[in-house]
Amino acid sequence: MNRRGFWGDVVRYRIILLMLAPAVLYYLLFAYVPMGGIILAFKHYDYAGGVFGSPWNGLDNIRFFFESGDAWRVTRNTVLYNAAFIVVNNALQIMAAIFLFEVGGKWFRKLMQSALFLPYFISWVVVGSIAYNLLNYNIGTVNVWLKGMGFEPVDIYNTPSYWPFILVLIAAWKVLGYGTVMYLAAITGIDTEMYEAAEIDGANIFQRVMKVTLPNLYPTIIILVLLAIGNIFRGDFGMFYNLVGNNGVLFAATDVIDTFVFRSLLMTNEIGMSAAVGAYQSVLGFVTILLVNYAVRRHDKDRALF
Amino acid sequence: MSASEIRLDQNLTKAVGQQTDRRLFAAIGYVVLAILAIVCLFPFLLIISSSLTKESVIAIEGFQLFPTAFSLEAYGILFQYPEQMIRAYAVTISVTLLGTITGLLLTAMTAYCLSRKDFKWRNAFSFYFFFTTLFNGGLVPWYLLMVNYLHLKDTMLALIMPMLFNVFYIVVMKSFMSQVPEAIVESAKLDGAGDFLIFIRLIVPLSKPALATIGLFLALGYWNDWYHALLFVSDEKLMPLQYYLYKMLGNLDGMRKAMAESGAVMTTNMPTESLKMAMTIVACGPILIAYPFIQKYFVQGLTIGAVKG
């Protein structure tokens with residue numbers, strides 16, 4: 001008997017469907033069901049009522065978020081930090097990858113790559129401990145050095161204006177090796193005949209890097225940058241929370257959407273409002289990704305996400 | 001001079017010019033890479049050195065790149081009353097082992113189904129998974145689901161479940177498995193092997209490199225996780241290592257109290273700063289030790305991912 005149609009396929013693929021079932025149920029429960037929880041953004045949450053029984057309050061949550069001034073601050077910080085990360089991280093990673101490809105013997109390259117990749121492997125908590133070691137007012141290494149050179153120590157943990165630089169530096173430090181490996185893979189994929197042709201034409205190594213390596217990297221750069229732009233409304237909670245924590249003095253310069261949602265949920269217990277901010281972030285992120293994908297699709301159809 | 005001689009001459013000058021440029025470029029490259037490598041490594045030296053410095057000296061001189069007064073007192077304290085640390089290690093190791101093994105098996109199984117070219121609905125299912133990376137309900141509904149509806153607060157499942165699956169890992173694994181020649185699967189089918197048997201007997205052994213890479217990514221994620229403990233764990237017995245370090249950095253007094261409860265005698269001159277640094281080393285020590293051996297698998301994983309992105 002050879003059944004056809006939908007149920008025929010179900011029977012034919014029954015083992016595959018069974019093997020897929022754990023993942024399908026997992027994402028149903030932990031991803032799709034919470035999507036329905038977005039209704040909380042329009043409710044006044046109370047513990048007795050829960051998700052379904054709490055009363056509706058329309059746009060009050062989101063209005064409160066915007067009228068408090070928090071919306072502008074956390075959105076601006078999230079976007080500006082991510083923009084700075086994209087520029088600085090990619091520039092450093094591309095530079096490191098080009099040098100790693102061109103310079104030194106096998107041994108030197110391996111050693112350098114291992115050194116650059118190491119920070120990727122530690123947790124943000126450990127990075128927080130390192131930052132404490134460097135930046136503490138009384139005993140921090142930076143201040144020890146400043147004092148050693150005859151300068152006044154600086155109270156970094158109480159001065160917001162230093163933090164954009166500190167956070168950009170630490171973020172670059174943490175992912176330098178990861179990005180370098182990605183770009184190095186792309187450079188290694190470039191056809192060596194192109195290099196040889198450039199050399200025969202008399203190009204020196206600087207010209208070769210500018211005229212052969214970089215143009216060949218553009219597709220990779222564009223894709224990685226666009227993907228990063230797709231996530232521009234997502235703050236790296238682990239980084240901000242472990243470096244800044246709940247130090248309110250710094251919030252003007254360091255608070256991002258993710259840290260704000262976390263605090264609203266678990267510290268001030270404004271559940272409806274934090275759900276609204278989370279939904280605001282999700283929707284903004286979703287629209288951005290659609291736009292980015294449209295841009296990628298126009299640029300290079302094969303690279304589009306969907 | 002004949003024309004060919006002139007050309008030869010020009011080529012020679014060009015070649016000499018290329019040679020000097022090459023040297024200049026190499027010099028810049030060595031310097032830049034060396035600086036970057038030092039910047040990447042020196043915080044680790046700082047932590048190690050600080051953990052080995054006498055507390056009284058840290059209080060006066062601050063943290064130093066090289067210990068000015070060598071002392072093992074911080075490690076002494078940690079290992080003198082190690083109950084909490086051992087418990088945190090046990091939690092982290094259990095979560096990492098359980099999560100990695102289960103996650104790896106499920107990721108491979110899922111990826112295999114999506115890699116089967118004769119499976120009609122594979123694109124629909126791929127999109128079903130992929131969509132969750134584009135849109136989500138945000139932290140709050142998920143948190144309430146975990147805590148109020150699934151009652152996972154203060155359970156080990158709360159530390160395992162959230163990282164069991166990752167769409168990126170499924171995609172990487174799938175693109176690796178797609179390279180297995182279809183003919184192999186077809187001939188196994190002709191021999192009467194079922195889909196599950198093909199997966200276990202054929203695909204898993206052929207996918208060892210991808211399994212090693214994704215397994216290590218999963219293990220690193222579980223080892224370094226503190227976030228889910230921050231959200232879901234308040235019971236001290238369930239604190240994983242990184243969260244224990246986090247607590248200790250933020251609240252050493254509380255930790256001292258816990259140590260006192262577990263039998264440590266409170267001493268007024270108990271080290272604090274060097275103790276934080278020693279705990280940091282203890283928390284990332286196994287990774288630093290394993291790093292030289294596991295690094296290449298991560299490079300491999302990124303390269304597989306980069307091809308199919």
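Residues numbered from 1 in each chain as written. Chains lettered and ligands numbered in written order. Predicted model: local features only at pLDDT ≥ 70, side-chain atom pairs only at ≥ 80, totals over all residues. Heavy atoms only, no water.

Glancing now at a nonpolar patch on the surface. On the surface, Leu-227, Leu-290, Leu-305 and Phe-306 of chain A together with Phe-127 of chain B cluster together into a nonpolar patch covering about 390 Å² of accessible area. Tracing the chain through its elements places Phe-127 of chain B in helix H5 (residues 122–134). (Patch = residues over 30% accessible without salt bridge, like charges linked within 9 Å, V, L, I, M, F, W, Y side chains within 5 Å. Areas by Shrake-Rupley, 256 points an atom, 1.4 Å probe, with all protein chains shown as cover. Salt bridge = Lys/Arg side-chain N within 4 Å of Asp/Glu carboxyl O. Helix = DSSP H or I, 4+ residues; strand = E, 2+ residues; numbered from the N terminus.)

This part is about the UniProt feature "domain: ABC transmembrane type-1" (unreviewed entry) in chain A. UniProt's entry tags residues 75–292 of chain A with the feature "domain: ABC transmembrane type-1" (unreviewed entry), counted in the numbering of this structure. Segment residues 75–292 of chain A splits into 75% helix and 0% strand. End C-alpha atoms: 19 Å apart. (UniProt positions renumbered as here; feature names shortened; annotations may be inferred.)

Before going further, it helps to spend a moment on the domain arrangement of chain B. Residues and elements named next belong to chain B. According to the domain assignment, chain B consists of domain 1 (3–51) and domain 2 (73–308). Taken residue by residue, the interface counts five residues in domain 1 and eight residues in domain 2. Summed over both partners, the interface of domain 1 with domain 2 comes to about 510 Å²; 80% of that surface belongs to carbon and sulfur atoms. Counting across the domain 1 and domain 2 interface gives one residue pair in polar contact (both at pLDDT 80 or more). Its residues assigned to classes, the side of domain 1 that touches domain 2 shows three nonpolar, two polar and no charged. (Domains from an automatic or database assignment. Contact = heavy atoms within 4.5 Å. Buried area = accessible area lost by both parts, 1.4 Å probe. Polar contact = N/O pair within 3.5 Å; in protein donor to acceptor, adjacent residues only side chain to side chain. Nonpolar A, V, L, I, M, F, W, Y, C, P; charged D, E, K, R; others polar.)

Listed as interface residues are 101 residues of chain B and, on the opposing side, 99 residues of chain A. Between chain B and chain A the total buried area reaches about 9000 Å² when both faces are included, carbon and sulfur atoms providing 77% of it. Taken together, the connections running from chain B to chain A amount to two salt bridges. In this structure, Glu-102 of chain A engages Arg-22 of chain B in a salt bridge whose closest nitrogen and oxygen atoms are separated by 3.8 Å.

So, on to the UniProt feature "transmembrane region" (unreviewed entry) in chain A. Residues and elements named next belong to chain A. Here, UniProt's "transmembrane region" (unreviewed entry) annotation points to residues 12–33, 79–103, 115–135, 162–185, 216–233 and 271–296. Secondary structure content for residues 79–103 is 96% helix and 0% strand, and the end C-alpha separation is 36 Å. Regarding residues 216–233, the helix share stands at 83% and the strand share at 0%, and the terminal C-alpha atoms are separated by 29 Å.

Our focus in this paragraph is the domain arrangement of chain A. Taken domain by domain, chain A holds domain 1 (5–34) and domain 2 (68–303). Spacing between the C-alpha centres of domain 1 of chain A and domain 2 of chain A amounts to 37 Å.

Here Pro-119 of chain A lies in the loop between helix H6 (106–117) and helix H7 (124–135). Exposure remark for Pro-119 of chain A: the relative accessible area of 0% places this residue in the buried category. Through-space distance from the C-alpha of Pro-119 of chain A to that of Leu-176 of chain A is 8.2 Å; in sequence the pair is 57 residues apart. Once you skip the residues sitting within four places of it in the chain, Pro-119 of chain A turns out to touch Trp-173 and Lys-174 of chain A together with Cys-40 and Phe-44 of chain B. (Buried < 20%, exposed > 50% of the residue type's maximum accessible area, 1.4 Å probe, protein only.)

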